[in-house]
Amino acid sequence: VNPALEQVEIGPLDQIRSLRRLFGIQTGISSAPLAALAAHAITVRIPAGTELHSPEEPVRDVYLIIEGEIAAQYGSAYRAYGPQSAIGVLASIARVNNGFHSWALRDTLALSLRVEDMLEVYEDHFELMYAALRSLSRDGIELRKQMKPHAGFSNVVPVGVVCPTRPLDLVERILALRHTFGLGHSHVDELAELARSSNEVRYPAGTSLWTVDAPAETMLLVICGSIRGSTRDGLSFQLGAGDIVGGLGMVAELPRWFSATVQEPVVALSMEREVLIDLLEDQPELAFDFLQLMATALIALREQAAVESMQTSPQASAELAGTV
Amino acid sequence: LLVDAPPALQSDVARVMLAIPDPSHAPYLIQMLGTRRARPIARDALFAIGDEGLNALADALPRSDLPRQLRAHIPRSISRFDSVRATDVLLDQLEHEADGWVRFKIIRGLGQLRAQMRDPSRMRRATAIARQNLLRAVHFMAWRLADQRDQASDPHLATPGGELLVAALLDKESHAVDRAVRLVGLASGPDIIHDIRRALAGRDRRRRADSIEVLVSESPPDVARALAALLDDAPDMVRMARAADALHESLATGNYEARLDAMLSDESEAVRSVAAFHVGELGLTSLAPSFSNAAARSSDLSSEVFARVARLLGRASLDNVGLQPLAAGPLGGQRS
């Protein structure tokens, strides 16, 4: 525990109650994983002005605010967080620092957890891992919806990726997955399971894959071709080889937030939600890869959103929302 | 009622069985461990049954005829009992289990039973398995380094399949070291092993060195020296030589073909498939016997790899390579 912080006894039931509020009672997380987290948590009183995370140090602890207020900053993205917020989670999952900085704005009461303990409990209790994945996906969707005109996507797709003329075998699928965003360092056995659990799909240009508000039951890992995404608010973007399309909505368990139409003929691996969840539970390292992928993307998006907001409206950066 | 039952119905049935624990429910509850939504309730219900529940799980654990997806969830269900008997059941199976994935699940299950692992005789058994993992790690490392050396000197070998094979060897090496750390770490309390693993994942050299010292402090000298060497941040060749020396192991890597031949017999179907793919890239007809054996063990998608490579190598008659009949091919799921 940070030696500057005074430990406070609040009792295990109150700790679990705080964790339930943090994860949202509606997520239906059972008591056992929360008790496991509570077993590692220490309640601390944080005096106003105390620095919790320094831009020069890796994130070692996360803080779950019970009362009070903590400021957090990623590069240009700054916001004050109140009760039921978690501080340091993204940087710890992404395993990057990226200049993450946080400090108490007021005297604050929080649960403090060592990052490795938190990740260990995630590994042991998949409910928590999945809740984290779902939460990051929801944050990602909310953020992308605010980012004009391309929802935070680069809107550039790789050119010159030739579509395979025949169905891919297992090894070819693994090779393709190693070129998929965020999966380049995943273990071969895990990619093999991902490859086995997916279906190869081929769509001609002009195919409507889904429309806004349709149920999001599948995601596509694109091997070649391009897909145009569009929202009712006028956002428009292209996705292509190496991109995961529809994954955020699927994991978030929310309806489709954009319509998707095939622009250039697509070959992709399609994966259903239930199959992916089963796979992630059985392959914890792959689940961590996905979690890290989402956290890294969310950090980058936050910074991008902050920079864009400051260019259009200097006050807007303080309005960014989400877990940090 | 449970035949092809949807997950929601299985969960409901498990809840009813939890409310009225009865040993006769155990076989059905074990089947439900394969269904994610029903699993936590089925585990609770098996625990509520008591000794009979544990006996049923102990009987099911070695059954290789059960689906792998189900067997992998039995170890954590057993560790739920947190007893001497539960620990011995897991250790017994760990010594005989052929499936690496199930072995990993058993080791994770033992991680929940640290209090029982304080017994020196149990730790000796865990250490013996850690030693086997260290030997595997050293051999995989030797193969990887030899492959990398050969691919660097002969670019003809550095194909996509060749690079994937090197990545697979690195995975196997790191998995084996990870298993050894987990097994040796069973002697430590949960807080201590958490700290050790945190330090090992970090870059602080002093903290890493201190952690390694604590981790191996109660291990026999050969295991301690080998594990410390493999976890060190010295160059690969140095780490490998130190670990092999500690384990009194001589390393013979053979030539590139010999290593590919061995990879065709690996326990992982993914690795066998990648090796076959690479055999096809290199046009190596000399490995036909091992290729045929590996093809005979292939299933679904990996059969496609072997069939294609067999055609490439001019062995168009699939009977010659002992292929299993294809299940629904990858196009079976097309939705275009």
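Note that the structure is a prediction, hence the values are computed from the model and not measured.

All names here are of chain A. Along strand β5 (residues 70-74), four of the five residues are buried, which leaves the element largely enclosed by surrounding structure. Taken together, the five bridges between β5 and strand β6 (residues 77-81) define a ladder with antiparallel strand orientation. Residue pairing across strands places Gln73 opposite Tyr78, the latter belonging to β6. The antiparallel hairpin formed by β5 and β6 contains two residues in its connecting segment, where Gly75 sits at a positive phi of about 55 degrees. As paired elements, β5 and strand β8 (residues 101-104) share four bridges and run antiparallel to each other. Note that in β8 the partner of Ala71 across the bridge is Trp103.

Another point: the sheet that holds β5 of chain A. In sheet architecture, strand pairing relies on hydrogen bonds along the backbone and comes in two forms, parallel and antiparallel. Residue and element names in this part refer to chain A. The sheet built from four strands is open, its strands ordered β3-β8-β5-β6 with antiparallel pairing. Edge strands, defined here as strands with exactly one partner in the open sheet, are β3 (51-53) and β6. Looking at each pair of strands side by side, their axes are set apart by 20 degrees on average, direction ignored. Looking at chain direction, β3 and β8 are connected through two bridges and run antiparallel. Bridging from a neighbouring strand, His53 pairs with Ser102 of β8.

Quick look at the state of the cysteines now. Residues and elements named next belong to chain A. Within this structure, the stated rule accounts for one disulfide over all chains. Bridging Cys163 to Cys224, the disulfide has an S-S length of 1.9 Å. Looking along the S-S bond of the Cys163-Cys224 disulfide, the torsion reads about 105 degrees, which is the right-handed sense. Highlighted residues: Cys163 in the loop between α5 (126-146) and α6 (170-177) and Cys224 in strand β12 (residues 218-230), separated in sequence by 61 residues. When its relative accessible area of 27% is taken as the criterion, Cys163 is described as partly exposed. Exposure remark for Cys224: the relative accessible area of 0% places this residue in the buried category.

Bringing helix α12 (residues 205-215) of chain B into the picture now. Residues and elements named next belong to chain B. For α12, the complete set of buried residues consists of Arg208, Ser211, Ile212 and Leu215. For α12, the angular spread of buried residues about the axis comes to 100 degrees, placing them on one side. Relative to its buried face, α12 has exposed residues pointing more than 90 degrees away, namely Arg206 and Glu213. On its buried face, α12 is in contact with α10 (160-184), α11 (190-201) and α13 (221-231).

Attention now goes to the sheet that holds strand β1 (residues 6-7) of chain A. In space, the five strands of this open sheet follow the order β1-β2-β9-β4-β7 (chain A), with antiparallel pairing throughout. Unpaired on one side and paired on the other, β1 and β7 (86-87) of chain A mark the two borders of the sheet.

Residues and elements named next belong to chain A. Looking at chain A, pLDDT values average 85 and 92% of them are 70 or higher. When pLDDT is averaged over each helix and strand of chain A, the minimum, 74, is found for helix α1 (residues 12-23) and the maximum, 97, for strand β11 (residues 208-210). Throughout residues 314-322 the model reports pLDDT below 50, and contacts reaching past four residues in sequence, or to other chains, amount to 20 contacts.

Let us now look at the side chain of Ser102 of chain A. All names here are of chain A. Inspection of the secondary structure assignment puts Ser102 in strand β8. Within the local environment of Ser102, its side chain forms a polar contact with the side chain of His53, the two groups lying 2.7 Å apart. When neighbours within four sequence positions are excluded, Ser102 is seen to be in contact with Thr50, Glu51, Leu52, His53, Ile70, Ala71, Ala72 and Ile87.

With 43 residues of chain A in contact, the opposing surface of chain B contributes 43 residues. With both sides pooled, the region where chain A packs onto chain B buries about 3900 Å², and carbon together with sulfur makes up 50% of that total. Ranking the residues of chain A by area buried against chain B places Arg114, Val171 and Asp282 of chain A at the top, with a combined share of 14%. Inspection of the chain A/chain B interface yields 11 salt bridges. Residues Arg36 of chain B and Asp278 of chain A are paired through a salt bridge, measuring 3.1 Å at the closest nitrogen-oxygen approach. Run the count over chain A and chain B and you get 17 residue pairs in polar contact (both at pLDDT 80 or more). The class makeup of the residues in the side of chain A that touches chain B is 15 nonpolar, six polar and 22 charged.

Take the environment of Met250 of chain A next. Residues and elements named next belong to chain A. Looking at where Met250 falls in the secondary structure, it is placed in helix α8 (residues 247-252). Taking relative accessible area as the criterion, Met250 reaches 0% and is therefore assigned buried. For the pair formed by Met250 and Glu285, sequence separation is 35 residues and the distance between their alpha carbons is 20 Å. Residues contacting Met250, with those up to four places away along its chain left out, are Tyr130, Ala216, Glu217, Thr218, Met219, Met271, Glu272, Arg273 and Leu276.

Let us now look at the pattern of salt bridges. Evaluation of the coordinates by the stated rule reveals 46 salt bridges over all chains. The shortest N-O distance in the salt bridge between Arg308 of chain B and Glu172 of chain A comes to 3.8 Å. Placement of the pair is Arg308 of chain B in helix α18 (residues 300-312) and Glu172 of chain A in helix α6, with the two residues belonging to separate chains. Residue classification places Glu172 of chain A among the buried positions, given a relative accessible area of 16%. For Glu173 of chain B, the salt bridge goes to Arg144 of chain B, with nearest N and O atoms at 2.7 Å. Of this pair, Glu173 of chain B sits in helix α10 while Arg144 of chain B sits in helix α9 (residues 120-153), and the two are 29 residues apart along the sequence. The same class applies to Glu173 of chain B as to Arg144 of chain B, namely buried. Through salt bridges with shared partners, a single network forms among Glu123 and Asp124 of chain A together with Arg76, Arg108, Asp178, Arg179 and Arg182 of chain B.

Parameters and conventions
Residues numbered from 1 in each chain as written. Chains lettered and ligands numbered in written order. Predicted model: local features only at pLDDT ≥ 70, side-chain atom pairs only at ≥ 80, totals over all residues. Heavy atoms only, no water. Buried < 20%, exposed > 50% of the residue type's maximum accessible area, 1.4 Å probe, protein only. Helix = DSSP H or I, 4+ residues; strand = E, 2+ residues; numbered from the N terminus. Pairing = 2+ DSSP bridges. Axes fitted to C-alpha atoms, helices over the stretch in contact; angles between N-to-C directions. Disulfide = S-S within 2.5 Å. Arc of directions from axis to C-beta. Contact = heavy atoms within 4.5 Å. pLDDT = per-residue confidence, 0-100. Polar contact = N/O pair within 3.5 Å; in protein donor to acceptor, adjacent residues only side chain to side chain. Buried area = accessible area lost by both parts, 1.4 Å probe. Salt bridge = Lys/Arg side-chain N within 4 Å of Asp/Glu carboxyl O. Nonpolar A, V, L, I, M, F, W, Y, C, P; charged D, E, K, R; others polar.

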